[in-house]
Amino acid sequence: MIDTTQMQRDGHVRALLARCEHLGVIAVARQGSAGKGEGAAWCGTKGAGEALAGNAHVRGLCEMLCANSLCEDSSELTTIGPGLWAGRLLLRDESGVHGVVMTLYPQSAALEAGSLFASWLQGRGLEAISSWSEASARSTSEAVLRWSDDLSKLAHSEVDSQTFTQQLTHAFDTIELMYQLGRSMKQPSLPEQFLGSMCARVRTTLNFGWMVAHFGGTTETPKTLRGRTFWHGQLPEAQPVVEAYLRDLLTNETIESGPATSLGELACGQVAMQTLTHKGKNVGVLIVGGKFGDDPDVSSYDTQLLEATAGFLGSFIDNVALYDDQDDLFVGTVQAMTAAIDAKDSYTCGHSERVALLSFMVARAAGLSPEACNDARIGGLVHDVGKIGVPEGVLCKPGKLSDEEFGHIKKHPEIGHRILRGVKLLTSVLPGVLHHHERWDGKGYPYGLRSEQIPMLARVIAVADTFDAMSSDRSYRKKLDRAHVLAEIVRSGGTQLDPALAPLILKIDLRAYDALAEKHARDAAPAVLPPRAESTGERQAA
């Protein structure tokens, strides 16, 4: 925190010495503890004042003269010797006496008397100011007292003004930050955007070097946030170390190695921390550190603003939890619908779910936005919903289809589009449903679109759909081996598939896809009932 009292003291003393110098008064100031001047800071006006402030004999004399002054006020002029007078002025503030200013008024007689000050005055061109009389010294000393009073009031006014300005600035920063956070809380489906922006705004507003928002991995934490870390600035350690420490902070588990054992050790300085709650449970933590600027210490304003930010985040976390529940319900409903369609053909069990997973991974590998990746996931789930209008005998027919039968198959994108277009939540995925069987060379259906006429979502789903079709057993053929499938996908780039998207299949980690395919294979396997136990009577009859 800024020590406004010290600022007031320093400014008061500097201004008073400047006025004395302008008038030709020799002034020596001492700021420090009472008594014998332990820890005292000395200064003086230019010329004789600076020299006298650095002289041990003069300082000793001043200590003796002002020893009582630190205990009681005295505005009396003191005669030090023939032709030399001294005025004393106590420096006080709300904390008490913090120093004294000595003003010296020499007459030419002081030089002739060979006093202690003569050696400092002689040879320094100061004879011209050695013209004080006792009367002029007294009136000037009284003027110095009035100056000090005026300067003290002015210093108080400046400090009050500065304090008010600081408070006003803090209030404006707080209101602006809360307003911006409130405006950006409208997309609970994209927490990385809001939380990344929040960390940046809070960090820069409070002049911290870094800020982290970390969420726990327990079931109390909303699914979209679970186990995730968001930050802005230069972290004090590598990200895994910070995340490990914050996990320990939330779970109270002992970390065997890596991170520091305390926040101070981790950040090498002061930090501020605020927990994040959801339904009365601690689900995350905000932490800031690396304070910079004029005030390197964490202030009450910092902690208050961090607490206010956590309050806003509490509402955001609640919104994310509601969104997760709605998303689970929505996706669960869509999965149930597509599973019912897949069930019409035992060979395509789980096809839609696998295409959804692959579509999401292809979209992410293509660098599409989080919204587009989510559309790819949902579009993959519902891309074949139109097959509900295709006769089951056609869907499950082994061998080659007739032209009429294939005509039924070609209708399923439009049927699916008609079924889903009334569902507002699925508006953004309709292009993928309608066009996922278009081909890059224009030989696809239903409209024969070519190259970039085909919506990006449909091109993404086409890659995933083609990969899963070749990787699955069908009524008319066995699945192909992985190397063959990958080679065929890449070869199809520029004819059937988007040439920029097809090669991405080589960059995708397919272990999650394989695990899902194994699960679907187990689910589709017919149940094997244990042999019925024969009764004793049946064995005897046999």
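Just above sits the structure.
So, how was this worked out
- Residues numbered from 1 in each chain as written.
- Predicted model: local features only at pLDDT ≥ 70, side-chain atom pairs only at ≥ 80, totals over all residues.
- Heavy atoms only, no water.
- Helix = DSSP H or I, 4+ residues; strand = E, 2+ residues; numbered from the N terminus.
- Buried < 20%, exposed > 50% of the residue type's maximum accessible area, 1.4 Å probe, protein only.
- Contact = heavy atoms within 4.5 Å.
- Axes fitted to C-alpha atoms, helices over the stretch in contact; angles between N-to-C directions.
- Parallel < 35°, antiparallel > 145°, perpendicular 65-115°, else oblique.
- Left-handed = near helix turned anticlockwise from the far one by under 90°.
- Nonpolar A, V, L, I, M, F, W, Y, C, P; charged D, E, K, R; others polar.
- Pairing = 2+ DSSP bridges.
- Phe/Tyr/Trp six-rings, centres within 6.5 Å; stacked < 30°, edge-to-face > 60°.
- Lys NZ or Arg CZ within 6 Å of the ring centre and 35° of its normal.
- Polar contact = N/O pair within 3.5 Å; in protein donor to acceptor, adjacent residues only side chain to side chain.
- Core = buried A, V, L, I, M, F, W, Y, C linked by side-chain atoms within 4.5 Å.
- Salt bridge = Lys/Arg side-chain N within 4 Å of Asp/Glu carboxyl O.

Caption draft 1: View of the overall build of the protein chain. Across its full length, the protein chain carries 20 helices and nine strands. For the protein chain, the proportion of its 542 residues judged to be buried stands at 43%. For the protein chain, long-range pairs separated by at least 24 residues make up 62% of all intrachain contacts whose partners lie at least 6 apart in sequence.

Caption draft 2: The packing of helix α11 (residues 351–365) against helix α12 (residues 370–382), seen in detail. Look at α11 against α12: their axes get within 7 Å of each other, and the N-to-C directions meet at 160°. Viewed along their axes, α11 and α12 adopt a mutual orientation that is roughly antiparallel. Read as a crossing pair, α11 and α12 show a hand that is right-handed. Facing α11, whose interface residues are Ser-352, Glu-353, Val-355, Ala-356, Ser-359, Phe-360, Ala-363 and Arg-364, α12 presents Cys-373, Ala-376, Arg-377, Gly-380 and Leu-381. Of the residues that constitute the contact of α11 with α12, the class distribution is seven nonpolar, three polar and three charged.

Caption draft 3: Quick peek at the packing of helix α17 (residues 456–470) against helix α18 (residues 482–491). Remark: α17 packs on α18, axes separated minimally by 10 Å, with the N-to-C direction vectors making an angle of 150°. If you check the angle between α17 and α18, you find them roughly antiparallel. Two packed elements cross with a definite hand, and for α17 against α18 that hand is right-handed. In contact with Val-463, Thr-466, Phe-467 and Met-470 of α17, α18 contributes Arg-482, Val-485, Leu-486, Glu-488 and Ile-489. Partitioning the contact of α17 with α18 into residue classes produces six nonpolar, one polar and two charged.

Caption draft 4: The sheet that holds strand β6 (residues 210–215), seen in detail. With respect to topology, four strands assemble into an open sheet ordered β7-β6-β9-β8, the strand pairing being antiparallel. Each edge of the sheet is formed by a strand with only one pairing partner; in this case those strands are β7 (229–233) and β8 (271–278). Geometrically, the sheet is characterised by an average inter-axis angle of 10° between neighbouring strands, direction not taken into account. Of the pairings in the sheet, the one linking β8 to strand β9 (residues 281–289) comprises eight bridges and is antiparallel in character. From the neighbouring strand, His-278 faces β9, where its bridge partner is Lys-281.

Caption draft 5: Representation of the pairing of β6. With six of its six residues buried, β6 lies for the most part within the structure. Burial of β6 is two-sided: the residues Trp-210, Val-212 and His-214 facing one way and the residues Met-211, Ala-213 and Phe-215 facing the other way are all buried. In the sheet, β6 pairs with β7 via five bridges, with the strands oriented antiparallel. From the neighbouring strand, His-214 faces β7, where its bridge partner is Thr-229.

Caption draft 6: Structural detail: the environment of Met-470. Here Met-470 is to be found in helix α17. Since its relative accessible area comes to 12%, Met-470 is described here as buried. The sequence separation of Met-470 and Ile-489 amounts to 19 residues, and the corresponding C-alpha distance is 9.4 Å.

Caption draft 7: Inspection of the packing of aromatic side chains at higher detail. Under the defined criterion, the tally for this structure stands at three aromatic pairs. Their ring planes at 75° and their centres at 5.3 Å tell us that Phe-467 and Tyr-513 sit as a pair that is edge-to-face. Of this pair, Phe-467 sits in helix α17 while Tyr-513 sits in helix α19 (residues 511–524), and the two are 46 residues apart along the sequence. For the pair Phe-467 and Tyr-513, one class covers both residues: buried. Seen from the ring of Phe-208, Lys-291 lies directly overhead, with NZ or CZ sitting 5.3 Å from the centre.

Caption draft 8: Main features of unusual backbone geometry. Note that the residue after Tyr-445, namely Pro-446, is joined by a cis bond; omega there is 15°. Along the polypeptide, Pro-446 turns up in the loop between α16 (430–435) and α17. The phi angle at Asn-207 is positive, at roughly 60°, despite the residue not being glycine. In this structure, Asn-207 sits in the loop between α7 (191–206) and β6. Residue Asn-207 is classed as partly exposed on the basis of its relative accessible area of 33%. Its identity is not glycine, yet Lys-279 carries a phi of approximately 55°, on the positive side.

Caption draft 9: Expanded view of the side chain of Lys-291. If you trace the backbone, Lys-291 turns up in the loop between β9 and α10 (300–342). Given a relative accessible area of 15%, Lys-291 falls into the buried group. A distance of 2.8 Å separates polar atoms of two side chains, one belonging to Lys-291 and the other to Asp-302. The residues contacting Lys-291, other than those within four sequence positions of it, are Leu-206, Asn-207, Phe-208, Gly-209, Pro-296, Asp-297 and Asp-302.

Caption draft 10: Structural view of the environment of Leu-145. Secondary-structure assignment places Leu-145 in helix α6 (residues 134–183). Measuring from C-alpha to C-alpha, the distance between Leu-145 and Arg-88 comes to 8.8 Å, with 57 residues separating the pair along the chain.

Caption draft 11: How the structure looks around the nonpolar core. By size, the foremost hydrophobic cluster in this structure holds 40 residues, and its most contacted members are Leu-358, Val-382, Leu-420, Phe-467, Ile-489, Ile-505 and Leu-510. Put simply, the parts of the chain that give this core at least two residues each are α10, α11, α12, α16, α17 and α18. For this core, the element with the most residues is α17, which contributes eight residues. When near neighbours in sequence (up to four residues on either side) are disregarded, Val-382 contacts Val-334, Thr-338, Leu-420, Val-429 and Val-433. Ranked by size, the runner-up nonpolar core spans 25 residues in total, among them Cys-199, Phe-208, Ile-317 and Val-320.

Caption draft 12: Focus on the pattern of salt bridges. Counted under the stated rule, the structure contains 12 salt bridges. The residue Arg-138 makes a salt bridge to Glu-134 at a minimum N-O spacing of 3.2 Å. Here Arg-138 and its partner Glu-134 are both found in helix α6, four residues apart, which amounts to about one turn of the helix. Here Arg-138 falls in the partly exposed class, since its relative accessible area comes to 31%.

Caption draft 13: Focus on the side chain of His-351. Mapped onto the elements of the fold, His-351 is located in helix α11. Looking at His-351, the relative accessible area reads 3%, which means it is buried. There is a polar contact of 3.3 Å between the side chain of His-351 and the side chain of His-383. A polar contact is formed between the side chain of His-351 and the side chain of Asp-465, at a distance of 2.9 Å.

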